[in-house]
Amino acid sequence: MTDYLEQLNDSQREAVEYCDGPELVIAGAGSGKTRVLTYKIAYLLNQGIKPWNILALTFTNKAAREMKERIALITGDAVARQLWMGTFHSIFARILRVEAEHIGFPSNFTIYDATDSKNLLKGIIKEMQLDDKTYRLGMVQSRISRAKNALITHTLYGQNKELVESDMNAKVPLIRDIYARYQNRCLQAGAMDFDDLLLQTNILFRDHPSVLEKYSQRFQYVLVDEYQDTNFAQHLIVRKLCETSGRICVVGDDAQSIYSFRGANIDNILQFRNQYPGCRIFKLERNYRSTQNIVNAANSLINKNKEQIPKNVYSEKEAGSKLRLLSLYSDYEEAYAVASMLLRMRMAQSCRYGDFAILYRTNAQSRLLEEAFRKRGIPYKIYGGLSFYQRKEIKDVIAYFRLIVNPHDEEAFKRVINYPARGIGETTVGKLISAAVSAGTSLWHVLEAPLEYAVQVNAGTARKLSSFRVLMEHFVSLRDSMDADELAGLVIKETGLLQLLAQDRSTEGLGKYENLQELMKGIAEFCQLRREEGSGQIHLSDFLSEVSLLTDQDDSGDDAADKVTLMTVHAAKGLEFPNVFVVGLEEELFPSTMAKDSLRAIEEERRLFYVAITRAEENCVLSYAKSRFRNGQSQPCSPSRFLRDIDLRYLEVDNGGQSLPAGSLRKNGSEPSRPVFSSPLQQQAAPRVLRRMDTVKRETVAPSSVPPAALGELKPGVRVRHDRFGEGKVLSVSEEGNNAKATVAFDNFGQKQLLLKYAKLKVLD
DNA sequence: GGCCGGGGCATTTTT
DNA sequence: TGCCCCGGCC
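Fair warning: this is a prediction, and the values are worked out from it, not measured in the lab. (Residues numbered from 1 in each chain as written. Chains lettered and ligands numbered in written order. Predicted model: local features only at pLDDT ≥ 70, side-chain atom pairs only at ≥ 80, totals over all residues. Heavy atoms only, no water.)

S.K.: Sorry if this is basic, but what is going on with the protein's contact with DNA strand B here?
M.R.: Inspection of the region around DNA strand B gives 24 residues, with R262, R361, N418, T568 and M594 positioned closest. Within the contact set of DNA strand B, a phosphate oxygen lies 2.9 Å away from a backbone nitrogen or oxygen of N363. In this structure, T568 approaches DNA strand B through a side-chain N or O atom, which is 2.7 Å from a phosphate oxygen. Broken down by class, the residue content of the surface near DNA strand B amounts to 6 nonpolar, 12 polar and 6 charged. (Near = heavy atom within 4 Å. Polar contact = N/O pair within 3.5 Å; in protein donor to acceptor, adjacent residues only side chain to side chain. Nonpolar A, V, L, I, M, F, W, Y, C, P; charged D, E, K, R; others polar.)

S.K.: For this particular structure, what's the right way to read the protein's contact with DNA strand C?
M.R.: As a matter of local geometry, DNA strand C sits amid K122, R367, F629, N631 and G632. Of all atoms in DNA strand C that approach within 4 Å of the protein, 50% are sugar or phosphate atoms. One nitrogen or oxygen atom from the side chain of R367 is found 3.4 Å from a phosphate oxygen belonging to DNA strand C. Within the backbone of G632, a nitrogen or oxygen atom sits 3.5 Å from a base nitrogen of DNA strand C. Residues belonging to the surface near DNA strand C are distributed by class as follows: 1 nonpolar, 2 polar and 2 charged.

S.K.: Mind showing me how you'd approach the nonpolar core here?
M.R.: Soluble globular proteins tend to pack their nonpolar side chains together in the buried interior. Membership of the largest hydrophobic core comes to 69 residues, with the highest contact counts inside it found for I178, V238 and L241. Sequence-distant contacts of I178, defined by excluding residues within four places in its chain, comprise L121, I124, I125, M128, L130, Y135, V140 and I144. Ranked by size, the runner-up nonpolar core spans 54 residues in total, among them I394, I398, F413 and F475. (Core = buried A, V, L, I, M, F, W, Y, C linked by side-chain atoms within 4.5 Å. Buried < 20%, exposed > 50% of the residue type's maximum accessible area, 1.4 Å probe, protein only. Contact = heavy atoms within 4.5 Å.)

S.K.: Teacher, can you tell me more about the pattern of salt bridges here?
M.R.: Should the charged atoms of two oppositely charged side chains come close, the side chains can pair. Taken as a whole, this structure holds 45 salt bridges when the rule is applied. In this structure, E473 engages R469 in a salt bridge whose closest nitrogen and oxygen atoms are separated by 3.4 Å. Placement of both E473 and R469 in helix α23 (residues 459–478) is noted, with a separation of 4 residues, approximately one turn of the helix. We classify E473 as partly exposed; its relative accessible area is 32%. Beyond isolated ion pairs, a larger network of salt bridges with shared partners links E127, R181, R185, E410, E411 and K414. (Salt bridge = Lys/Arg side-chain N within 4 Å of Asp/Glu carboxyl O. Helix = DSSP H or I, 4+ residues; strand = E, 2+ residues; numbered from the N terminus.)

S.K.: Hey, could you run me through the side chain of N149 in this one?
M.R.: Turning to its location among the elements, N149 is positioned in helix α7 (residues 137–149). Discounting chain neighbours no more than four positions away, the residues touching N149 are D195, N231, F232, A233, R262 and G263.

S.K.: What exactly am I supposed to notice about the packing of helix α5 (residues 88–99) against helix α12 (residues 209–218) here?
M.R.: For any two helices packed against each other, one specifies the inter-axial angle together with the distance between the axes. Orientation of α5 relative to α12, taken along the N-to-C sense of each, is 135 degrees, at an axis distance of 13 Å. By the angle class used here, α5 and α12 are oblique. Note that α5 runs across α12; the crossing there is right-handed. Across from I95, V98 and E99 in α5, the residues of α12 making contact are V211, K214 and Y215. (Axes fitted to C-alpha atoms, helices over the stretch in contact; angles between N-to-C directions. Parallel < 35°, antiparallel > 145°, perpendicular 65-115°, else oblique. Left-handed = near helix turned anticlockwise from the far one by under 90°.)

S.K.: Would you take a moment to explain the pairing of strand β7 (residues 248–252) for this structure?
M.R.: It is a general feature of regular strands that their side chains alternate between the two faces of the sheet. In terms of burial, β7 is largely enclosed, as 5 of its 5 residues are buried. Of the two faces of β7, the one lined by I248, V250 and G252 and the one lined by C249 and V251 are each fully buried. Judged from the 4 bridges that link them, strand β1 (residues 23–27) and β7 form a sheet pairing that is parallel. Looking at the pairing, V25 lines up with V251 of β7. Examined bridge by bridge, strand β6 (residues 221–224) and β7 share 3 bridges and lie parallel to one another. Across the sheet, residue V224 finds its bridge partner in β7, namely V250. Assessed by its sense of winding, the connection that carries the chain from β6 through helix α13 (residues 232–242) to β7 is right-handed. (Pairing = 2+ DSSP bridges. Right-handed = clockwise from strand over helix to strand, strands pointing away.)

S.K.: How do you make sense of the packing of α23 against helix α24 (residues 484–494) when you look at a structure like this?
M.R.: Where α23 contacts α24, the axes come no closer than 11 Å and their chain directions differ by 170 degrees. By the criterion of interaxial angle, the relationship of α23 to α24 is roughly antiparallel. Between α23, through L471, H474, F475 and L478, and α24, the contact on the second element is made entirely by L487, L490, V491 and E494.

S.K.: Teacher, can you tell me more about the packing of aromatic side chains here?
M.R.: Aromatic ring pairs are reported here in terms of the distance separating the ring centres and the angle at which the planes meet. Summed over all chains, the structure comprises 19 aromatic pairs. On the basis of an interplanar angle of 35 degrees and a centroid distance of 6.2 Å, the ring pair of F88 and F92 is categorised as tilted. Of the two residues, F88 and F92 both sit in helix α5, 4 residues apart, roughly one turn of that helix. Residue classification places F88 among the buried residues on the basis of a relative accessible area of 1%. Here the aromatic rings of F373 and Y380 are separated by 6.2 Å at their centres, their planes lie at 70 degrees, and the arrangement is edge-to-face. As far as burial versus exposure is concerned, F373 and Y380 are alike and both buried. A network of ring pairs unites the aromatic residues W84, F205, Y215 and F219 as a single cluster. The residue whose ring lies beneath R94 is W84, and the NZ or CZ to ring-centre distance is 3.8 Å. (Phe/Tyr/Trp six-rings, centres within 6.5 Å; stacked < 30°, edge-to-face > 60°. Lys NZ or Arg CZ within 6 Å of the ring centre and 35° of its normal.)

S.K.: It is not clear to me how the environment of M567 should be interpreted in this structure. Could you clarify?
M.R.: In this fold, M567 is placed in strand β14 (residues 564–568). When the C-alpha positions of M567 and Q365 are compared, they lie 9.5 Å apart, and in sequence the two are 202 residues distant.

S.K.: Before we go on, may I ask you to explain the pairing of strand β19 (residues 719–722) in this structure?
M.R.: Inspection of the sheet shows β19 paired to strand β20 (residues 726–734) by 4 bridges, in the antiparallel sense. Considered in β20, the bridge of H722 is made with G726. Here β19 pairs with strand β23 (residues 762–763) via 2 bridges, running antiparallel. Bridge pairing in β23 links R721 to K762.

S.K.: What is the right way to look at the environment of L343 in this model?
M.R.: Secondary-structure assignment places L343 in helix α17 (residues 331–349). In this view, L343 contacts Y353, R376 and I378; residues no more than four positions away in its chain are not counted.

S.K.: For this particular structure, what's the right way to read helix α1 (residues 10–17)?
M.R.: Spacing of three or four residues puts side chains on the same side of an α-helix, whose turn is 3.6 residues. By the burial criterion, the buried members of α1 are Q12, A15 and V16. Buried residues in α1, looked at end-on, bunch into an arc of 100 degrees, giving them a common side. Residues of α1 that are buried in the fold lie against β1, α2 (33–46) and β8 (280–284). Regarding α1, its N-cap is N9, as a side-chain oxygen of that residue lies 3.1 Å from the backbone nitrogen of S11 further along. (Arc of directions from axis to C-beta.)

Okay, structure coming up:
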């Protein structure tokens, strides 16, 4: 258990072993940040801290999952599972469900995603008869979100001079009223949006000291990953929890703070030492990822920023090649130059397509690259489409689940009341809404007693409403006595959703049908896994609370497919590739036009470029075009100011055009067009529905044809195979008839306890 | 309810 | 230039 410390370098080890007070770990790019966090948690456990007394917060589900997996390899799965580890949103949603009564929400509250919030706001703007050109949806949403991040509730909003004035100046003085209405509607619906999860947690801790006391005692040690990305609300929650204990460790890199537009506040990390007196700072400066040239080039760039914590990131890998800069005449040529160069590099290094990534500032830049790649027969995958849960067909089904778990959920209600079509049109729904709004109640209450709320509809419509109500009531009555997978199956059948999708024979329809099947499979797996772990009944609400915050993009899914990765720089954070192209390095694009009049914004763009360069392990190619098609016309472009920030010792200016095949530069070139590789839609891997730590790597384990084990065969020492966890050795078996469990040490997943009646273990010879 | 066309628009998006 | 949203029409 202690030998893992030997896998750390000196500064990493110091950071792991220091546990006497507030700790800030500045983790340069590629410096083994996750390793420090995981080993620190293992170290704390080794010091006798119980897993349930450790809180570890991350920003993405993926990060939490990966860290859990790595800890499980050291401590075993049983211990890792008891850690409080997850995203800010999921951890505090969990706590808010337990404590909901204190803040006037039901414990089965719905979580509105960004789309739900938008829809609700759209409705409110319409109801208030405001001009939607003035009250632009995105603007309204971001103002409300910013207020919530700053802990300004709708009641405080109107009293805040600064905000009121800013709204006046922007000619949108009614934001305060929209905010108030929005919040009331959320309350009626028993719903919280993403920002509420943090805001309400703060309110909970502020107004209920005993609750705060309970959690700050529970969490004897708090760790936060990617601290540079925290917003004010998150910073405050963490501070409240650690105020007395001082046992906090935050890890991050101020140089990689790129989410200020989402409310992230770089000052949280810059000012940490002042916020936590007696804090110790550790710097992880050795970069294990990139060659010296890449690290040095990135350093020379980021040193041009004023606001930063001084650090000296270095690499002890070989010097490597210099960064190369390609200068092209147009965006069109840039795309083809990148494609050609990629092919040449692939030949020269005999590496895989999967070893390349193309990074750009805006999603719009992907189109030409795709075109060029298709023409050259280069396989690629694009990140940035809709995630599985954002697809319409999935949201529709989930909306039914939401409504069953919380019938007051307005957005779910509006989504499903006429889907599949039941002849309940917009007019009728409008009547329900205005009745609900004027009575200050939920749509569901109105549906339950339309006459009481004076809803004027004809007999036919009344009948349709009533039958919808009966249908939903039927599901609700089964909610607490049926397992999630069973109930879900019933829902898609009885609502006609399954049939509706099944009869659509178009390519699109087939995809939707497959997605639905994938969702159902995910629910079944979720239930199966819980059963194996020995949970009793698995309610639909259990599934729902798990998925409502699982919105992350599916990361490729099939690692086997050898494809070039195309993504925005933002999306590339945390990833690494042997070869990286950063394209479109022009003024007005990178840095973005929006950033040009603020130093802070320019510095953030520079950090973004820093993030891009530091994704590269071996080769980094930069490119810019002298003209680019934007907003319908070709515009002249000048090279990005950031290119001048890179020390010329590490940068080689390539005359990129020369070595390109002549035909590649002209639109009607002689290049014979190759068969289209495959459409981006088809390239997207089948998404994993539930991506918990223990379901992720399922596909890496070949299903076995060995028959299921008879109970008698399972003895300590026997090697077994599990469909999901692969091979492992039985450590012990507890014989309790129906509830017999086996403890198995899996080769790749650590120790697990499995309920034998569900886990289909197969004995290997 | 679904399809078509005009008008407005156009960073980044962990939850 | 292309996408998305809305409104009008069948």
